[in-house]
Structures are given as C-alpha cells and as structure tokens.
Amino acid sequence: MGARYRAPPPGHVLLLSLDPLTAIYHRASGQTHVVAPPVPEMLALLVDPLTPEQLLAALAERYDLPDGDLTALTARLDELAAIGLVTRDAA
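Procedures and definitions
Counting restarts for each chain, with residues numbered from 1 along the sequence as it is written. Owing to the predicted nature of the model, reporting of local features is limited to residues with pLDDT of at least 70; listing and counting of side-chain atom pairs is limited to 80 or more, with chain, interface and lining totals taken over all residues. Each side-chain value is worked out from all heavy atoms of the structure, with water and hydrogens disregarded. Buried Ala, Val, Leu, Ile, Met, Phe, Trp, Tyr and Cys residues that are joined via side-chain atoms within 4.5 Å together make up what is termed a nonpolar core. Remark: exposure states derive from per-residue accessible area (1.4 Å probe, protein chains only) relative to the maximum for the residue type, with buried under 20%, exposed over 50%, and partly exposed in between. When checking whether two residues touch, look at their non-hydrogen atoms; a contact exists if any pair is within 4.5 Å. For this analysis, a salt bridge means a side-chain nitrogen from Lys or Arg found within 4 Å of a carboxyl oxygen belonging to Asp or Glu. Secondary structure counts use DSSP, requiring at least four H or I residues in a row for a helix and at least two E residues in a row for a strand, with both numbered from the N terminus. Each pair of strands is called paired provided DSSP finds at least two bridges between the two strands. Angles shown run from 0 to 180 degrees and are taken between the N-to-C directions of axes, each axis being a line fitted to C-alpha atoms and, for helices, limited to the stretch in contact. Only residues whose relative accessible area exceeds 30% and that take part in no salt bridge are eligible for patches, with like-charged residues grouped when within 9 Å of each other and nonpolar side chains (Val, Leu, Ile, Met, Phe, Trp, Tyr) grouped when within 5 Å. In these tables, accessible area is a Shrake-Rupley quantity obtained with a 1.4 Å probe, and a residue counts as shielded only by the protein chains included in the view.

## Some remarks on the nonpolar core
Formed by 20 residues in total, the largest nonpolar core has its most connected members in Ile24, Met42, Leu46, Leu55, Leu73 and Leu77. For Leu73, the residues in contact, after removing those within four places along its chain, are Met42, Pro52, Leu55, Leu56 and Leu59.

Following this line, the structure appears as structure tokens:
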C-alpha cells in the first residue's frame, strides 16, 4: 500500500470560512493559510490516514468530481504536507 496522508489532530488547526475561501490557522507553525475548496473537505476526510486513492474515492463518493485526477490530488497532498497542513506517512 502507498503513502498515507493525515490531517493534524482536532484542535491543532482552526478553520474560519471566508466564503468561498477558508482561512486555516496552524497552531504549531503560527501560520495562517487561505485555501479554496476542496482543501477543507480534504482535511475533514483525512482525520484517519488515507492513501491518495482512498481520498479520491471518498471525495468522489461525496462530491461531483468530473475529472478525478489522482496525479493532481497527490500533488496537492504533497503541497499541503510541505506547508504542514498534512503529514505523509511512508508506506
């Protein structure tokens, strides 16, 4: 099985809807990030560690994904890991 990604535990980030954007305050780094959908939705699903394939399936189950692109989703997860909003666990 591939790498799994996980969101910080509850309370480690604070989310504020700025409709349609969301501000995310990351307590550990003291940084605030402004993100667009589907980032908040991804973080909500990553309470439990998921592979990109599992996350894509969960997103497709809940939302209309006309172009469920696994490569793009994995790139986005890696970007979120680089700024500390998710962690990547090795396979």
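## Regarding the pattern of salt bridges
Within the structure shown, the criterion is met by four salt bridges. Taking the shortest distance from any N to any O, the salt bridge between Arg6 and Asp89 comes out at 2.7 Å. Here the residue Arg6 occupies a position in strand E1 (residues 4-6), and Asp89 occupies one in strand E5 (residues 87-89), the gap between them amounting to 83 residues. The exposure class of Arg6 is partly exposed, given its relative accessible area of 33%.

## Some remarks on the sheet that holds strand E4 (residues 31-35)
If you walk across this open sheet you meet the three strands as E2-E3-E4, and the pairing is antiparallel. Since the sheet does not close on itself, it has two edges, and those belong to strand E2 (13-18) and E4, each with one partner. The average angle at which neighbouring strand axes cross in this sheet is 20°, direction not considered. Two strands pair when backbone bridges link them, and strand E3 (residues 21-26) and E4 are joined in this way by five bridges, in the antiparallel orientation. Bridge pairing in E4 places Tyr25 opposite Thr32.

## What to know about a nonpolar patch on the surface
Nonpolar side chains collect at one region of the surface, where Leu16, Leu18, Leu21 and Val34 lie side by side and expose about 350 Å² of accessible area between them. With respect to the element layout, Leu18 can be found in strand E2.

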